[in-house]
Amino acid sequence: PGATTSACAFGMGKDLAGNVYAVGFATDTTPVTHGITRKSADNGVTWTTVDDFVYSTPNATEFGNIGVDNLGYLYVTAYGKTSATLYTWITRRSVDNGVTWTTVDAYEYNASTSISSAGGFAVDNLGYVYITGFGKDYSGLQHWVVRQSKDHGVTWFTIDDFIPTGGNLGYA
């Protein structure tokens, strides 16, 4: 993002080739917060930014976690703020060891009052990809949400939507 006023790394991972990645955010001087992915191909000696992403300018985007599936595709979880009160759950993917990135899931629990954010990542022995996070419903209740892709990030489905009994906070 050019000159920055603050930055924070939230997650780390590695690809099948052994490259190491750190994800988080950096805020530029305008101030817009960018989701940032940095890569090291030499065991952490040097780092380069391989993804500098803003979902909806001038609003904030923050990357939270990174993982790799059985084909070696990288996934970054995030949220992208689209207005003062709306947040979209974002999943970004790279199929070429971090050279290029695309948004493969932009999920809103509900479109008009949504605060949705992706956080966790897992892949199972079938190669299915799972992303966890939360979304708020129309009444303000926060739901634990798990989304799944059976085709390496092409399509996504919500497979778990949970509110704890007696509570209104659900985090996955």
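All values reported here derive from a predicted model rather than from experimental measurement.

> What is the right way to read the sheet that holds strand β5 (residues 61-68) from this model?
Neighbouring strands of a sheet are bound in pairs by backbone hydrogen bonds; such pairs are parallel or else antiparallel. Spatially, four strands are ordered β5-β6-β7-β8 in an open sheet, and the strand pairing comes out antiparallel. Of all strands in the sheet, those with a lone pairing partner are β5 and β8 (102-107), marking the two edges. Strand-to-strand twist across the sheet, computed as the mean angle between neighbouring axes with direction ignored, equals 25°.

> Would you mind going over the nonpolar core with me for this structure?
Within soluble globular proteins, side chains that are nonpolar tend to cluster in buried spots. Judged by nonpolar contacts, Tyr21, Val23, Val50, Phe53, Phe63, Ile66, Val68, Leu74, Val76, Ala78, Ile90 and Trp101 together constitute the single largest core of 12 residues. Elements that contribute at least two residues to this core include exactly β2 (20-28), β4 (48-53), β5 and β6 (74-81). Contact partners of Val76, with chain neighbours within four places excluded, come to Val23, Thr37, Phe63, Asn65, Ile66, Ile90, Thr91, Arg92 and Trp101. If you look at the next biggest cluster of nonpolar residues, it comprises 10 residues, including Tyr75, Tyr107, Val129 and Ile131.

> What's the story with the packing of aromatic side chains in this structure? I'm lost.
Aromatic ring pairs: the centre-centre distance and the angle between the two ring planes describe each pair. All told, the structure shown has eight aromatic pairs when counted by the stated rule. With a centroid separation of 6.4 Å and 25° between ring planes, the pair formed by Phe53 and Phe63 is classed as stacked. Taken together, the positions of Phe53 in strand β4 and Phe63 in strand β5 put the pair 10 residues apart, joining distant regions of the chain. The exposure class of Phe53 is buried, given its relative accessible area of 13%.

Calculation criteria
Starting afresh in each chain, residues are numbered from 1 along the sequence in its written order. pLDDT decides what is reported in this predicted model: residues at 70 or higher carry local features, side-chain atom pairs at 80 or more are listed and counted, and totals for whole chains, interfaces and linings draw on all residues regardless. Each side-chain value is derived from all of the structure's non-hydrogen atoms; neither hydrogens nor water enter the calculation. At least two DSSP bridges between two strands are needed for those strands to be called paired. Going along the chain from the N terminus, every DSSP run of H or I of four or more residues is numbered as a helix, and every run of E of two or more is numbered as a strand. All axes are obtained by fitting lines to C-alpha atoms, using only the stretch in contact for helices, and the reported angles, taken between N-to-C directions, cover 0 to 180 degrees. Nine residue types can take part in a nonpolar core, namely buried Ala, Val, Leu, Ile, Met, Phe, Trp, Tyr and Cys, and a core is a set of them joined through side-chain atoms within 4.5 Å. Exposure is judged per residue with a 1.4 Å probe applied to protein chains only, and the accessible area is read against the type maximum: over 50% gives exposed, under 20% gives buried, and values in between give partly exposed. In this description, contact between two residues means that some pair of their heavy atoms is separated by no more than 4.5 Å. For this analysis, a ring pair means two rings from Phe, Tyr or Trp (six-membered ring only for Trp) whose centres lie within 6.5 Å, classed as stacked if their planes differ by under 30 degrees, edge-to-face if by over 60, and tilted for the remaining angles.

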